[in-house]
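What follows is each chain in one-letter form.
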Amino acid sequence: MISFVLNALRTTVHNIKANKQVFLMSVATITIAFTIQGLFFLVFVNLNTLLSTWDKQVQLIVYLDDGISKGQKNVLEEIFKSNEKVDSISYDSRDEAWTEFKNTFSGKSGFVTDLGFNPLPASYNLKFKDDPERLVNIRQLADLLKEQKGVESLEYGEKWISRFENFMVFLRVFILAVGGILSVGLILIISNTIKLSIYSRRDEFDLMLLLGATHRFIKAPLLLEGLVQGVIGVGLALGIVKLTHIYMKFNFQGSLESIFRGVDFQFLTQPLLWAMVLASIFIGWVGSFLSITQYLHSTDRE
Amino acid sequence: MIQAFNLHKSYGGVAPALMDVSFTIQDGEFVFLTGQSGAGKTTLFKILFGWESVDRGQVIVDRINVGKLNESNLYTLRRKIGVVFQDYKLLPKKTVFENVAFAQQIIGADRKTIRFKTWDALKNVGLTTKKDSYPPQLSGGEQQRVAIARALVNDPQLILADEPTGNLDPEVSLEILELFEKMNQQGKTVIMATHSLEMLRARDHRLLILNRGRMVQS
């Protein structure tokens, strides 16, 4: 077994040396394809972080009718308190809202101080507990509150969050589609590389079969060659993606923080990194497997 | 022992490559297989070591029914046979020693065994002094002796030599023939395909004659 493994490793190194140029072309192609995929993932991961940061900041503001009765307020407060997902409740009366508004805008426009009445409604401000389903919880409570008497309107930025969520779904599908197409392309390229490697040494492989080599003995080094192509290719691609991440962080972190407080440029998550490495190994293996199987079939007795 | 029963093989041309070929070769025999070019000698060899299949008939080599083996089990047959070709089929980028050792690596021998057996095989063909040379640096006769060493190194009981002296001058051809005879004296069954009349006349071995795919003498 040990001699089999050693021989497979030696033959793989020999194959790579003998077909250096084709091998490097193949690695370069894998690198380019996985860099593209990795950059898409990088964009996706960061947009996802942004979305979850916004999700955390989302609050449900319940604006009340001016003529809401005390009983109606009690009913609303009961609903809030009985909802386990609600973390805190604060109440802003009309007067408090107006005072805060004036404090914020008095210096900016005379119109605010000149206005002879208070146009702002009283409101409840609900914060929700940390939960991956936070937005769903907010929506459910909002749907329930819509029907309640004394509620004038609800505000939680639903429309733009929905749009953003839809965009993320689209991005996910897009990345998967691009990944799928790139994978098929890579399998064909690796398959052709190994095929070239086989055909350039066809006499040697034929001789191996004549001398009594098992199919496993012939397959192992070629499969290993495909795997090595995959591993080196994805390693270089991840290196490029990491450099891009460092560059972005170094140059644009300040700008990002000034727009979105507390948001940091993220690198690919562990599961994504592993998915890319495994996908590359799988692609290398399948590419090699296809061409070896084709070669061995061509040697079948007629 | 090799037993062939009514072998028929056609490549789709007008005349079949082999027609109704039957023969038996006992263990330890030395047999010349002869016939004109295109008579079917190489086809018969290819069938014996499982490189080609037969359309009809059966062939049994050392109790293995060749036709019943599937592609992934053919190695069990091929490891029992040492094959020598007219064009040597040596790997030009490997040294003489590596070429012979290659056959041992393929069957998964350990390093120590490979070294010992390869040296022994080279000694048998008188090529130990050339062990570090590359095939293109050798004469035709020397290259053929390397090919014979490679066929011998796994200690097969059957040697198939397909026109092994076809590219060699008569003197060297005789040396090669003597090598095969030496193997035969060591107990190996040897089938040597040749259409060299000098060679056939020089020795009194059993003769199988193929003519246009038919066995006319067995």
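The shown structure was predicted, so the numbers you read here are calculated from the model rather than taken from an experiment. (Residues numbered from 1 in each chain as written. Chains lettered and ligands numbered in written order. Predicted model: local features only at pLDDT ≥ 70, side-chain atom pairs only at ≥ 80, totals over all residues. Heavy atoms only, no water.)

Attention now goes to the overall build of chain A. The secondary structure content of chain A amounts to ten helices and four strands. Order of helices (α) and strands (β) in chain A, N terminus to C terminus: α-α-β-α-β-α-α-β-α-β-α-α-α-α. Relative to a compact globule of 302 residues, whose C-alpha radius of gyration would be 19 Å, chain A shows 31 Å and is clearly more extended. In chain A, the proportion of contacts linking residues at least 24 apart, taken out of those at least 6 apart, comes to 83%. A distance of 8 Å separates the average location of the 29 positive side-chain charges in chain A from that of its 29 negative side-chain charges. (Helix = DSSP H or I, 4+ residues; strand = E, 2+ residues; numbered from the N terminus. Rg over C-alpha atoms; globule rule 2.2 N^0.38 Å. Contact = heavy atoms within 4.5 Å. Lys, Arg positive; Asp, Glu negative; His and termini not counted. Charge placed at Lys NZ, Arg CZ, Asp CG, Glu CD.)

Under the criterion given, the structure shown has eleven aromatic pairs over all chains. Consider the rings of Trp98(A) and Phe101(A), whose centres lie 5.8 Å apart with planes at 15°: the pair is stacked. Of this pair, Trp98(A) and Phe101(A) both sit in helix H4 (residues 94-105), three residues apart, which is roughly one turn of that helix. We classify Phe101(A) as partly exposed; its relative accessible area is 29%. Taking 6.4 Å as the distance between ring centres and 75° as the angle between the ring planes, the aromatic pair formed by Tyr247(A) and Phe252(A) counts as edge-to-face. Taken together, the ring pairs in this structure connect Phe40(A), Phe167(A), Phe170(A) and Phe174(A) into an aromatic cluster. In this arrangement the basic side chain of Lys89(B) is found over the ring face of Phe85(B), its NZ or CZ atom lying 5.0 Å from the centre. (Phe/Tyr/Trp six-rings, centres within 6.5 Å; stacked < 30°, edge-to-face > 60°. Buried < 20%, exposed > 50% of the residue type's maximum accessible area, 1.4 Å probe, protein only. Lys NZ or Arg CZ within 6 Å of the ring centre and 35° of its normal.)

It is worth spelling out the interface of chain A and chain B at this point. Contacts between chain A and chain B engage 19 residues on the former and 28 residues on the latter. Counting the surface chain A buries against chain B, the share from its top three residues, Leu210(A), Leu211(A) and Arg301(A), is 38%. Seen at the junction of chain A and chain B, the total is zero salt bridges. Here chain A and chain B share two residue pairs in polar contact (both at pLDDT 80 or more) between them. Counting only elements with at least two residues in the side of chain A that touches chain B, the list comes to helix H1 (2-18), helix H8 (202-210) and helix H9 (215-259) of chain A. Tallying contributions element by element places H8(A) first for the side of chain A that touches chain B, with six residues. (Buried area = accessible area lost by both parts, 1.4 Å probe. Salt bridge = Lys/Arg side-chain N within 4 Å of Asp/Glu carboxyl O. Polar contact = N/O pair within 3.5 Å; in protein donor to acceptor, adjacent residues only side chain to side chain.)

Turning to a nonpolar patch on the surface, a few remarks are in order. A contiguous nonpolar surface patch, about 520 Å² in accessible area, is contributed by Met1(A), Ile2(A), Val5(A), Leu6(A) and Leu9(A). The topology assignment puts Met1(A) in the segment before H1. (Patch = residues over 30% accessible without salt bridge, like charges linked within 9 Å, V, L, I, M, F, W, Y side chains within 5 Å. Areas by Shrake-Rupley, 256 points an atom, 1.4 Å probe, with all protein chains shown as cover.)

Taken as a whole, chain A shows an average pLDDT of 85; of its residues, 96% reach a score of 70 or greater. When pLDDT is averaged over each element of chain A, strand S1 (residues 60-64) of chain A comes out on top at 90 and helix H5 (residues 110-114) of chain A at the bottom at 65. (pLDDT = per-residue confidence, 0-100.)

Okay, the pattern of salt bridges next. Residue and element names in this part refer to chain B. Across all of its chains, the model carries 14 salt bridges over all chains by this definition. Close ionic contact of lysine 80 with aspartate 62 constitutes a salt bridge, the shortest N to O distance being 3.1 Å. Residue lysine 80 is found in the loop between helix H2 (74-78) and strand S6 (81-85), and its partner aspartate 62 is found in the loop between strand S4 (56-61) and strand S5 (64-65); the two are separated by 18 residues along the sequence. Residue lysine 80 is classed as partly exposed on the basis of its relative accessible area, which comes to 32%. Bridged by salt links that share partners, the residues Glu178, Glu181 and Arg203 form one connected network.

Moving on: the nonpolar core. Within the largest apolar cluster, 118 residues are counted, with the highest numbers of intra-cluster contacts made by Leu268(A), Phe23(B), Phe49(B), Val61(B), Ile148(B), Phe180(B) and Ile191(B). In terms of residues, this core owes the most to one element, helix H2 (residues 20-57) of chain A, which gives eleven residues. Setting aside residues no more than four positions away along its own chain, Leu268(A) makes contact with Gly38(A), Phe41(A), Leu42(A), Val45(A), Leu238(A), Val241(A), Leu273(A) and Met276(A). (Core = buried A, V, L, I, M, F, W, Y, C linked by side-chain atoms within 4.5 Å.)

In this section: the sheet that holds strand S2 (residues 18-25) of chain B. Residues and elements named next belong to chain B. The strand order across the open sheet formed by four strands is S2-S1-S4-S5, and the pairing between neighbours is antiparallel. Of all the strands in the sheet, the pair left with one neighbour each is S2 and S5. With five bridges connecting them, strand S1 (residues 2-9) and S4 associate as antiparallel partners. Counted as the bridge partner of isoleucine 2 is valine 61 from S4. (Pairing = 2+ DSSP bridges.)

We now examine the sheet that holds strand S3 (residues 123-128) of chain A. Two strands in a sheet stick together by hydrogen bonds in their backbones, pointing the same way (parallel) or opposite ways (antiparallel). Residue and element names in this part refer to chain A. Spatially, the four strands line up as an open sheet ordered S2-S3-S1-S4, and their pairing is antiparallel. Since the sheet does not close on itself, it has two edges, and those belong to strand S2 (86-92) and strand S4 (151-155), each with one partner. Across the sheet, the axes of successive neighbouring strands diverge by a mean angle of 20°, strand direction being ignored. Pairing geometry for S2 and S3, over six bridges, is antiparallel. Residue aspartate 92 lies in a different strand from S3, and its bridge partner there is serine 123. Where helix H3 (residues 70-82) meets the sheet, its contacts fall on S1, S2, S3 and S4, and the angle it forms with S3 comes to roughly 5°. (Axes fitted to C-alpha atoms, helices over the stretch in contact; angles between N-to-C directions.)

So, on to the domain arrangement of chain B. Interfaces are frequently sized by the accessible area removed from exposure as the parts join. All names here are of chain B. The domain boundaries assigned to chain B delineate domain 1 (1-80 + 157-218) and domain 2 (90-155). Relative placement of domain 1 and domain 2: their C-alpha centres are 23 Å apart. Between domain 1 and domain 2, the residue contacts involve 13 residues of the former and twelve residues of the latter. Both sides together, the interface formed by domain 1 and domain 2 hides about 1,000 Å², and carbon and sulfur atoms give 63% of it. Connecting domain 1 to domain 2 are one salt bridge. (Domains from an automatic or database assignment.)

Moving on, we get to H1(A). A rise of 1.5 Å per residue sets the reference length of H1(A), with its 17 residues, at 24 Å; its end C-alpha atoms lie 24 Å apart and thus fit the reference within 8%. Packing partners of the buried residues in H1(A) comprise H2 and H9 of chain A together with helix H3 (96-106) of chain B. (Expected span 1.5 Å × (residues − 1).)

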